Amino acid sequence: MSAPASALPKLSRALPDRLQGHLHTARQLAEQDAERPVAVRPTGLPPVDRLLSGGLHHGRLVEIVGRRSCGRFSIALAALAATTARGEVAALVDLSDALDPQNATAAGVDLDRLLWVRPPHMKPALIATEAILGAGFPLVILDLGLPPVPGGRGAETFWLRLSRAADLQGSTLLVSAPYRVSGTAAAAVLAAADCRPGWSGRGASPRLLHGVRGRLRLEKLRGHALGTDEDLDLTAPESLAPFAPARPPREDHSAGRTRSDRASEHPSPARRSWAHAG
């Protein structure tokens with residue numbers, strides 16, 4: 001028996017009777033936490049839900065990592081669609097500025113139930129995520145886009161704060177990143193790998209991206225065998241236009257205008273529909 005464990009009975013006897021039953025070792029607390037039933041929020045993607053034993057866990061930070069075009073953002077859209085379809089609200093902190101409202105609608109996301117935040121770099125993204133979790137949103141997704149992530153990986157202590165905020169509210173925090181960023185704060189980690197794009201079109205006709213096939217691997221989930229993987233097959237919705245409207249740049253400092261100014265001057269159909277969905 002280790003020294004701290006052997007000292008526990010002596011310390012317990014020194015406490016008032018009403019407190020003795022509340023003294024536990026860190027291992028005992030971890031075992032109790034593992035045995036506590038956890039509600040899940042299905043994503044609607046069977047491979048993801050099977051690896052996570054039903055879906056994204058309430059009160060937990062779940063991280064999905066993978067390189068470009070491995071389906072990370074598609075998984076995020078599926079989770080948003082499933083959540084808003086159940087009548088719940090959700091939030092997307094979009095550091096990569098990747099969301100296209102037209103594509104999101106085609107994927108089944110109810111824009112009336114979505115809060116879309118577009119921070120310029122990591123620090124305001126983390127601050128916004130914590131504030132939204134504190135407001136009680138059932139699902140919050142933080143998408144960090146492609147490397148290099150603006151503002152770095154973020155501090156380990158801040159990821160722990162976000163994990164704690166999700167736990168206090170019973171919310172799900174899904175972090176989508178090109179590489180591991182959340183450290184020990186993540187309760188579950190999925191890694192996308194072996195991704196292969198599929199193309200449609202033959203001969204001289206333009207080739208259009210039809211979908212992505214790859215593998216999802218479970219790299220962390222307490223009480224489950226690591227290294228388990230599932231096939232991931234994502235197909236672009238047929239309702240999407242072959243060529244999406246061009247998105248305005250994030251910033252235009254040289255001209256003294258922001259992305260919002262440029263978007264208001266030349267709104268695309270997708271942005272007009274987003275504004276009306278308000």
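Please read all numbers here as calculations on a predicted model, not as lab measurements. (Residues numbered from 1 in each chain as written. Predicted model: local features only at pLDDT ≥ 70, side-chain atom pairs only at ≥ 80, totals over all residues. Heavy atoms only, no water.)

Student: How should the pairing of strand E6 (residues 139–143) be read in this particular structure?
Tutor: Looking along a regular strand, one sees side chains alternate from face to face of the sheet. With five of five residues buried, E6 lies mostly within the body of the structure. What you see with E6 is no split at all: Leu139, Ile141 and Asp143 on one side and Val140 and Leu142 on the other are buried throughout. The pairing of strand E4 (residues 90–94) with E6 spans five bridges and is parallel. When the sheet's bridge partners are listed, Ala91 is paired in E6 with Val140. By the bridge criterion, five bridges tie E6 to strand E7 (residues 172–177) in an arrangement that is parallel. Paired with Leu142 across the strands is Val175, a residue of E7. Chirality of the crossover, the property in question, places the unit of E6, helix H8 (residues 156–169) and E7 among those that are right-handed. (Buried < 20%, exposed > 50% of the residue type's maximum accessible area, 1.4 Å probe, protein only. Helix = DSSP H or I, 4+ residues; strand = E, 2+ residues; numbered from the N terminus. Pairing = 2+ DSSP bridges. Right-handed = clockwise from strand over helix to strand, strands pointing away.)

Student: Honestly, the pattern of salt bridges in this entry has me stumped. Any pointers?
Tutor: Should their charged atoms come close, side chains of opposite charge can pair. Inspection of every chain in the model, using the stated rule, returns 13 salt bridges. Residues Asp167 and Arg60 are paired through a salt bridge, measuring 3.9 Å at the closest nitrogen-oxygen approach. Residue Asp167 is located in helix H8, and its partner Arg60 is located in the loop between strand E2 (56–57) and strand E3 (61–65); the two are separated by 107 residues in the primary sequence. Across the salt bridge formed by Arg113 and Asp110, the nearest N and O atoms sit 3.6 Å from each other. Residue Arg113 is classed as partly exposed on the basis of its relative accessible area of 32%. (Salt bridge = Lys/Arg side-chain N within 4 Å of Asp/Glu carboxyl O.)

Student: I tried to follow the packing of aromatic side chains on my own but got confused; where do I start?
Tutor: Centre-to-centre distance and the angle between the planes together describe a pair of aromatic rings. Evaluated as defined, the whole model comprises zero aromatic pairs. Directly above the aromatic system of Trp116 lies the positively charged group of Arg118, at a separation of 4.8 Å from the ring centroid. Between the NZ or CZ atom of Arg161 and the centre of the ring of Phe158, over which it lies, the distance is 4.5 Å. (Phe/Tyr/Trp six-rings, centres within 6.5 Å; stacked < 30°, edge-to-face > 60°. Lys NZ or Arg CZ within 6 Å of the ring centre and 35° of its normal.)

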